[in-house]
Amino acid sequence: MAARMPVVFISHGSPDALLHAHDAVACWSEIGRALPGPAAILAVSAHWEARTPTASLAGAPVTIHDFYGFPQALYRMRYPAPGAPALAERAVALLAGAGIAAGLHPDRGLDHGAWVPLSAMFPDADVPVTQLSLQHHGGPAAHLAVGRALAPLRDEGVLIVASGAITHNFDWIDRAAGSSASPWPAAAAFADWVGERLMAGDDGGLLDYRSAPHGADAHPTEEHFLPLFIAAGAAIDDTPGRYRPPFAYRGLAMDAYVWPGA
Ligand code: ZN
């Protein structure tokens, strides 16, 4: 049996991270280089929600440029990794086995929450990837359960890459701020709170994050935080390492976490 693969959570930041968030991109590259080579990748992004968790059967996932008003260079980028339809079916079977209704999409590609960090982590785009959706109206507990159900994939050579945001309040964002600007204090405080909970393996505390200081403000809508619960669920008892690239635009914490596996 293959060794247990790590689990990765990435804060993907603004869609233009590949153009501007150089420290974060360098961090993603470093994470990718340190990982054992996966057989396939299950990517979860904040930018795909469906009625039930849904995995893509795409054989050659298209690169989805799901953003507006960014430099043309970003729209020219492609991430031509092969798809992983067998992994999609395996993921859905694991979810069904855990009593979680899940579905398959015939050809959904990779949105920027997936392809932007993968472009840095696996620049050769030679590892097959399928994307799994979030569950629309599913809360943190439902996504933690999805992650738990998918944990066996780690023993099958599959790398789970969950991509969202530790903080995602546009009122905290200063588009004029460079990477050396001091972070928005509430964003920094909440990012540290999350880090402490993850290091402690305190899933219960995390699930109640909206009661934590700045928790509800950090996520006026919840979809960017939900991938973290899938990662934490799949991590089971591993303790993560925290990477802390500079905040983007003062308000977007760019923290990444890697649960190391074995
Ligand atoms: Zn996003």
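Located above this text is the structure these notes cover.
Residues numbered from 1 in each chain as written. Predicted model: local features only at pLDDT ≥ 70, side-chain atom pairs only at ≥ 80, totals over all residues. Heavy atoms only, no water.

### Things to note about the overall build of the chain
Helix and strand counts for the chain stand at 10 helices and 8 strands. Over its C-alpha trace the chain gives a radius of gyration of 17 Å, about what one expects of a compact globule, namely 18 Å for 262 residues. Overall, the C-alpha framework of the chain stretches about 45 × 40 × 35 Å when taken along its three principal axes. The buried share among the 262 residues of the chain stands at 58%. Relative to all contacts within the chain whose residues are 6 or more apart in sequence, the contacts with residues 24 or more apart total 82%. Of the roughly 10,200 Å² that the chain leaves accessible, carbon and sulfur atoms contribute 55%. (Helix = DSSP H or I, 4+ residues; strand = E, 2+ residues; numbered from the N terminus. Rg over C-alpha atoms; globule rule 2.2 N^0.38 Å. Buried < 20%, exposed > 50% of the residue type's maximum accessible area, 1.4 Å probe, protein only. Contact = heavy atoms within 4.5 Å. Areas by Shrake-Rupley, 256 points an atom, 1.4 Å probe, with all protein chains shown as cover.)

### Things to note about the nonpolar core
Inside soluble globular proteins, nonpolar side chains tend to come together where they are buried. One finds Leu42, Leu150, Ile166, Val194 and Trp259 to be the most contacted residues of the largest nonpolar core, which totals 50 residues. For this core, the element with the most residues is helix H10 (residues 226-235), which contributes 8 residues. Each residue touching Leu150, except ones within four places of it in the same chain, is listed here: Leu42, Ala91, Leu94, Leu95, Leu132 and Ile160. Ala17, Ala43, Val116 and Phe122 belong to the second-largest nonpolar core, a separate cluster that totals 40 residues. (Core = buried A, V, L, I, M, F, W, Y, C linked by side-chain atoms within 4.5 Å.)

### Looking at the coordination of the zinc ion
In an ideal tetrahedron of four donors about a metal, each angle is 109.5 degrees. In an ideal octahedron of six donors, the angles are 90 or 180 degrees. Coordination sphere of the zinc ion, protein contribution only: His12 (NE2), His47 (NE2) and His224 (NE2), at 2.0 Å. Donor residues for the zinc ion sit on one chain with the sequence pattern H-x34-H-x176-H. Linking His47 in strand E2 (residues 40-50) with His224 in the loop between helix H9 (215-218) and H10, this pair joins segments that are 177 residues apart in sequence. Taking the relative accessible area as the measure of exposure, His224 reaches 4% and is therefore buried. (Donors = N, O, S within 2.8 Å, 3.2 Å for Na, K, Ca; no water.)

### Overview of the side chain of His168
Position of His168 relative to the elements: it lies in the loop between strand E6 (158-164) and helix H7 (185-200). Exposure remark for His168: the relative accessible area of 14% places this residue in the buried category. Only 3.5 Å separates the side chain of His168 from the side chain of His224, close enough to count as a polar contact. Setting aside chain neighbours within four positions, we find His168 in contact with Ala218, His219, Pro220, Glu223, His224 and Leu252. (Polar contact = N/O pair within 3.5 Å; in protein donor to acceptor, adjacent residues only side chain to side chain.)

### Considering the packing of helix H6 (residues 140-150) against H10
Running from amino to carboxyl end, H6 crosses H10 at an angle of 40°, the nearest separation of the two axes being 6 Å. One element, H6, and the other, H10, form an angle in the oblique class. Our pair here, H6 against H10, has a crossing hand that is right-handed. Residue-level inspection shows Pro140, His143, Leu144, Val146, Gly147 and Arg148 of H6 in contact with H10, the latter providing Leu226, Phe229, Ile230, Ala232, Gly233 and Ala234. Residue composition of the contact of H6 with H10, grouped by class: 8 nonpolar, 3 polar and 1 charged. (Axes fitted to C-alpha atoms, helices over the stretch in contact; angles between N-to-C directions. Parallel < 35°, antiparallel > 145°, perpendicular 65-115°, else oblique. Left-handed = near helix turned anticlockwise from the far one by under 90°. Nonpolar A, V, L, I, M, F, W, Y, C, P; charged D, E, K, R; others polar.)

### Some words on the packing of aromatic side chains
Aromatic ring pairs are described here by two measures, namely the spacing of the ring centres and the angle between the planes. In the structure shown here, the tally under the stated rule is 10 aromatic pairs. On the numbers, 5.6 Å between centres and 15° between planes, the contact of Phe190 with Trp193 is stacked. In this pair, Phe190 and Trp193 are both assigned in helix H7, 3 residues apart and thus about one turn of the helix distant. Note on Phe190: relative accessible area 0%, which makes it buried. On the accessibility criterion, Trp193 (15% relative accessible area) is buried. Aromatic rings pair up to connect Phe190, Trp193, Tyr209, Phe225 and Phe229 into one cluster. (Phe/Tyr/Trp six-rings, centres within 6.5 Å; stacked < 30°, edge-to-face > 60°.)

### A closer look at the pattern of salt bridges
For the coordinates displayed, the defined rule picks out 10 salt bridges. Among the charged side chains, a network of salt bridges with common partners joins Asp192, Arg242, Arg244 and Asp255. (Salt bridge = Lys/Arg side-chain N within 4 Å of Asp/Glu carboxyl O.)

### Side note on the environment of His12
For His12, the location among the structural elements is in the loop between strand E1 (7-11) and helix H1 (17-20). Given the relative accessible area of 1%, His12 is considered buried. Taking C-alpha positions, His12 is 9.2 Å from Leu252, a pair spaced 240 residues apart along the chain. Non-local contacts of His12, meaning those with residues more than four positions away in its chain, are made with Ala17, Trp28, Ala46, His47, His112, Gly113, Pro117, Ser163, Gly164, His224 and Met254.

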